[in-house]
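Each chain is listed here by its residues.
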Amino acid sequence: KAGVTQTPRYLIKTRGQQVTLSCSPISGHRSVSWYQQTPGQGLQFLFEYFSETQRNKGNFPGRFSGRQFSNSRSEMNVSTLELGDSALYLCASSLASTGIEQYFGPGTRLTVT
Amino acid sequence: GENVEQHPSTLSVQEGDSAVIKCTYSDSASNYFPWYKQELGKGPQLIIDIRSNVGEKKDQRIAVTLNKTAKHFSLHITETQPEDSAVYFCAASKKGGGADGLTFGKGTHLIIQP
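Residues numbered from 1 in each chain as written. Chains lettered and ligands numbered in written order. Predicted model: local features only at pLDDT ≥ 70, side-chain atom pairs only at ≥ 80, totals over all residues. Heavy atoms only, no water.

Asker: Explain the overall build of chain B residue by residue, including any values.
Answerer: Looking only at helices and strands, chain B has zero helices and 11 strands in total. The order of α-helices and β-strands along chain B, N terminus first, is β-β-β-β-β-β-β-β-β-β-β. Relative to the 2.2 N^0.38 estimate, which gives 13 Å for 114 residues, the radius of gyration of chain B is 14 Å and therefore close to what a compact globule would have. Along the longest, intermediate and shortest principal axes, the C-alpha atoms of chain B span 45 × 30 × 20 Å. A burial count over chain B gives 46% of its 114 residues as buried. (Helix = DSSP H or I, 4+ residues; strand = E, 2+ residues; numbered from the N terminus. Rg over C-alpha atoms; globule rule 2.2 N^0.38 Å. Buried < 20%, exposed > 50% of the residue type's maximum accessible area, 1.4 Å probe, protein only.)

Asker: Describe the interface of chain B and chain A, listing the residues and the values that go with them.
Answerer: Residue-level contacts link 23 residues of chain B with 23 residues of chain A. Inspection of the chain B/chain A interface yields one salt bridge. Note that Glu101 of chain A is salt-bridged to Arg51 of chain B, the shortest N-O span being 3.1 Å. Secondary structure elements with two or more residues in the side of chain B that touches chain A: strand E4 (32-38) and strand E5 (45-51) of chain B. (Contact = heavy atoms within 4.5 Å. Salt bridge = Lys/Arg side-chain N within 4 Å of Asp/Glu carboxyl O.)

Asker: Which residues make up the state of the cysteines, and what values do they have?
Answerer: Residue and element names in this part refer to chain B. Going through the model one piece at a time under the given rule, you end up with two disulfides over all chains. At a sulfur-sulfur separation of 1.9 Å, the disulfide partner of Cys23 is Cys90. Taking the sign of the S-S torsion, -100° for the link of Cys23 and Cys90, the bridge is left-handed. Taken as a pair, Cys23 in strand E3 (residues 19-25) and Cys90 in strand E9 (residues 86-92) lie far apart in primary sequence, 67 residues in all. Here Cys23 matches Cys90 in class, with each residue buried. (Disulfide = S-S within 2.5 Å.)

Asker: Explain the environment of Asn59 of chain A to me, using residue names and the numbers behind them.
Answerer: Residue and element names in this part refer to chain A. If you trace the backbone, Asn59 turns up in the loop between strand E6 (53-57) and strand E7 (64-68). The exposure class of Asn59 is exposed, given its relative accessible area of 79%. Between the C-alpha atom of Asn59 and that of Gly42, which follows or precedes it by 17 residues, the distance is 14 Å.

Asker: Residue-level account of the pairing of strand E3 (residues 19-24) of chain A, with values.
Answerer: Sheet analysis places strand E1 (residues 5-7) of chain A next to E3 of chain A, joined by three bridges and oriented antiparallel. If you follow Thr7 of chain A over to E3 of chain A, its bridge partner there is Ser22 of chain A. (Pairing = 2+ DSSP bridges.)

Asker: Could you give an account of the sheet that holds E3 of chain B, naming the residues involved and the relevant values?
Answerer: Residues and elements named next belong to chain B. With antiparallel pairing, the five strands of this open sheet are ordered in space as E1-E3-E8-E7-E6. Edge positions in the sheet fall to strand E1 (4-7) and strand E6 (56-59), since each of these pairs with one other strand and no more. Put simply, the sheet's adjacent strands are angled 15° from each other on average, direction ignored. In this sheet, strand E8 (residues 72-77) lies alongside E3 in antiparallel orientation, the contact comprising six bridges. Counterpart to Lys22 in the pairing with E8 is Ser74. (Axes fitted to C-alpha atoms, helices over the stretch in contact; angles between N-to-C directions.)

Asker: Please provide a residue-by-residue account of the pattern of salt bridges, values included.
Answerer: By the definition in use, this model includes 10 salt bridges over all chains. One network of salt bridges, with partners in common, ties together Glu101 of chain A together with Asp49, Arg51 and Lys57 of chain B.

Asker: Account for the sheet that holds E3 of chain A, with residues named and values stated.
Answerer: Residue and element names in this part refer to chain A. As summarised here, the arrangement of the four strands in space is E1-E3-E8-E7, forming an open sheet in which the pairing is antiparallel. Whereas interior strands pair on both sides, the edge strands pair on one side only; in this sheet they are E1 and E7. The average angle at which neighbouring strand axes cross in this sheet is 20°, direction not considered. Of the pairings in the sheet, the one linking E3 to strand E8 (residues 74-78) comprises five bridges and is antiparallel in character. Considered in E8, the bridge of Ser22 is made with Glu75.

Below, the structure written as structure tokens:
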């Protein structure tokens, strides 16, 4: 069974631009969670989608948004990029919206200049 | 919200020896505690997890223990091998009825010395 895939793997953007990241969960998994990983703050929860609905949201500004499609694929959007948004963005999928057994993808490395 | 503390930040052990990583959590309602291994350039890999109705769980060379009263849990790796070198993260969450998201510790860089 294929794992979680994320595209693109690397991205360079300029401050003020917006960016969209994509995540395809493991086949059969309906929950997708997004996390931001930085050296200073570590791994932080952004939000979780299940059945096309946002179920939970972490403590991030409204510039960070997401959505989930009927095939469970998910996208994350960051608008008006700031230098501090440079990070590894990870998505994780799980069977149900219970928070258990989350499997991570390889991440998208976003650099904001 | 939940806060997870992880120690040590770096751990160097001789190949074949055991390694222990410890975590404490603050929210007594947390009941799911996974451990992840992250290698350079890769996403975190789920290696073992424990739920609050269990005190210990083993999977070959890896074991996790949970003390709900003291609110701490530990990862034990026996007979360490070079491929165990990585960054390990503990996490905590409340499971069931909607994911609140995992709260992670800051990570432990495990170095296996040959």
